[in-house]
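Read off the chains here:
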Amino acid sequence: MPKHIVKRLTAQIKDFFWDWKQPLVNEETLFAPFEKGSRALLDLETRNEAIECTWVKSWLTFGPERPLWAEFADELMRINTPLTEEAIPIETRINIVLQQWKTRSKAGDGVPEDIRNLLQVVRNNEVRLEGLAIDREVLTAMPIWVHRKADKRGRRLMNSAASQCLRNRHGVKTVEDAMTAESTLGSADHRSSDRCQCEDCEWTRCEYQCKTPHSCAKRASSLLNLLPRKWDPRQPQPMDEFPPSNEQPADTNPISRDVRVKNTISNAIRIFGNTLPEAEPPNLILPPTQLTTQTIAVCGNHTSAHELFHDTSYAIYAGENNPLNQCGLIQTPPNLRPTRLNGEAAAVLIALQQCPQDWEIHFITSCKTLVSAINTNAAKYEDELYNGVKWPELLRSIRALIQQ
């Protein structure tokens with residue numbers, strides 16, 4: 001929605017609400033929810049920004065589900081770059097979020113308004129590549145040329161003879177392509193010369209009409225060496241040796257401790273986040289001697305008396321004389337009806353808050369809806385920003401503690 005329309009509609013809403021009189025409180029107070037004693041008026045500006053964020057998400061969806069307009073957007077950005085980016089061949093410019101190149105973003109440069117809005121949202125909300133640990137499937141799909149996380153010295157290697165051969169003859173575009181080109185150096189009978197007669201070099205000459213197979217392999221290796229360890233698929237990665245879960249009974253729903261970004265590059269793109277260290281991925285596997293297992297039973301309950309006071313009871317049992325054992329009441333938000341589900345979710349949250357982070361906790365609950373919400377459907381709820389979920393604050397807090 002154009003900004004002048006937003007301002008006009010916002011002014012009309014304010015005039016109608018205050019009966020065309022002087023406002024008595026500021027806009028932020030009126031936008032606050034009913035639970036905080038406000039009126040929950042529609043914040044058009046924030047709503048439009050949220051809609052624009054969903055457009056950015058569609059634009060940064062890679063793979064067969066990517067919309068056609070996103071390809072056109074990339075093409076417009078690709079051909080409309082400042083002079084400082086002329087050294088980067090146009091065929092290597094894939095996407096500005098995945099790579100280190102810039103595009104024009106001003107109306108005076110002939111950039112369409114929709115593209116300007118996309119770029120503005122990316123800048124304002126710190127949209128970027130991020131992840132605690134990245135699966136090799138994602139790492140190898142990243143573009144190798146001016147890789148977003150690579151050392152910036154890689155820009156100097158763009159137009160050498162070997163780089164041009166890699167692009168034009170070998171068809172190298174991704175990290176996986178560069179690894180394939182580099183593999184020649186690992187041949188047992190390979191010699192450090194472009195006249196090498198090893199089987200791999202001969203195949204490269206025949207397949208790609210490449211006259212300098214060794215130089216091209218060295219250049220591919222140089223490009224890969226510019227990647228930090230966290231983004232280099234050749235390096236050991238967290239959870240390569242992740243221990244399989246012990247056999248569980250059929251009625252259990254184990255939550256995976258695997259926090260890798262998987263499947264597509266899109267899953268490695270974050271918004272509103274903090275920058276994580278790039279050089280060294282974290283150690284995500286605890287030695288078996290440090291792993292403490294605790295079984296905790298949780299339950300919740302509500303009665304007509306609870307409903308009268310709008311609260312729900314909960315109970316936690318971790319074993320005889322265990323200090324975690326407790327029961328109590330929680331106040332249910334005014335917009336929610338007290339239910340057993342609320343009580344059990346609160347019990348899980350309280351137990352997680354009181355247990356050390358390096359414990360492996362087995363919860364016993366009879367509430368299948370709760371199990372689904374914090375395990376099976378958790379990713380779906382997070383992607384949809386918990387829209388329509390009746391107890392989003394509880395779920396967000398539980399998921400945050402589990403992911404720690």
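Just so it is clear, the model here is predicted, and its values are computed rather than measured. (Residues numbered from 1 in each chain as written. Predicted model: local features only at pLDDT ≥ 70, side-chain atom pairs only at ≥ 80, totals over all residues. Heavy atoms only, no water.)

Peer 1: A description of the side chain of E344 should follow, citing residues and the corresponding values.
Peer 2: For E344, the position within the fold is in helix α12 (residues 340-354). Engagement of the side chain of E344 in a polar contact is seen with the side chain of T365, the distance being 2.2 Å. Ignoring any residue separated from it by four or fewer positions in sequence, one finds E344 in contact with V298, C299, G300, T365, S366, C367 and L370. (Helix = DSSP H or I, 4+ residues; strand = E, 2+ residues; numbered from the N terminus. Polar contact = N/O pair within 3.5 Å; in protein donor to acceptor, adjacent residues only side chain to side chain. Contact = heavy atoms within 4.5 Å.)

Peer 1: Please give an account of a nonpolar patch on the surface that cites residues and values.
Peer 2: Side chains of L76, I79 and I90 sit close together on the surface and give an oily, nonpolar patch of about 260 Å² of accessible area. Its place among the elements puts L76 in helix α4 (residues 68-79). With relative accessibility at 38%, the residue L76 sits in the partly exposed group. (Patch = residues over 30% accessible without salt bridge, like charges linked within 9 Å, V, L, I, M, F, W, Y side chains within 5 Å. Areas by Shrake-Rupley, 256 points an atom, 1.4 Å probe, with all protein chains shown as cover. Salt bridge = Lys/Arg side-chain N within 4 Å of Asp/Glu carboxyl O. Buried < 20%, exposed > 50% of the residue type's maximum accessible area, 1.4 Å probe, protein only.)

Peer 1: Got a sec to walk through the pattern of salt bridges? Specific residues and values, please.
Peer 2: Under the criterion given, the structure shown has 11 salt bridges. As a salt-bridge pair, R78 and E75 come within 2.3 Å of each other at their nearest N and O atoms. One end of the pair is R78 and the other is E75, both in helix α4 and three residues apart, which spans about a single turn. The buried category is assigned to R78, whose relative accessible area is 15%. Residues R234 and D232 are paired through a salt bridge, measuring 2.8 Å at the closest nitrogen-oxygen approach. Overall, the relative accessible area of 2% leaves D232 in the buried class. One connected set of salt bridges, linked through shared partners, spans R66, E71 and D74.

Peer 1: Account for the nonpolar core, naming residues and giving values.
Peer 2: Counting residues in hydrophobic clusters, the biggest one holds 48 residues, and the most contacted among them are V56, W59, L60, M77, L129, I144 and W145. When residues of this core are traced back to their parent elements, those giving at least two are α3 (44-59), α4, α5 (113-124), α6 (136-141), α7 (161-168), α8 (175-182) and α10 (213-225). If one sorts the elements of this core by residue count, α5 sits on top with five residues. Not counting the four nearest positions on each side in its chain, L60 is found in contact with N95, V97, V127, S266 and I269. (Core = buried A, V, L, I, M, F, W, Y, C linked by side-chain atoms within 4.5 Å.)

Peer 1: Can you explain unusual backbone geometry? Please cite residues and give values.
Peer 2: You will see that E126, though not glycine, has its phi angle at about 55°, which is positive. Along the chain, the position of E126 falls in the loop between α5 and β1 (128-129). Relative accessible area serves as the criterion here: at 45%, E126 is assigned to the partly exposed category. Backbone geometry places N321, a non-glycine residue, at a positive phi of 60°. Residue position: N321 is located in the loop between β6 (311-317) and β7 (326-331). Look at N321 and you get exposed, because its relative accessible area is 71%.

Peer 1: Can you tell me about the packing of aromatic side chains, naming the residues and giving the values?
Peer 2: Following the criterion strictly, the structure yields two aromatic pairs and no others. Relative to W69, the ring of W55 lies with its centre 5.2 Å away and its plane at 65°, an arrangement referred to as edge-to-face. With W55 in helix α3 and W69 in helix α4, the pair connects residues that are 14 residues apart, well separated along the chain. For W55, a relative accessible area of 47% translates into the label partly exposed. A centroid spacing of 5.6 Å and a plane angle of 90° characterise the contact between W203 and Y208, whose relative ring orientation is edge-to-face. For W203, a relative accessible area of 48% corresponds to the partly exposed category. (Phe/Tyr/Trp six-rings, centres within 6.5 Å; stacked < 30°, edge-to-face > 60°.)

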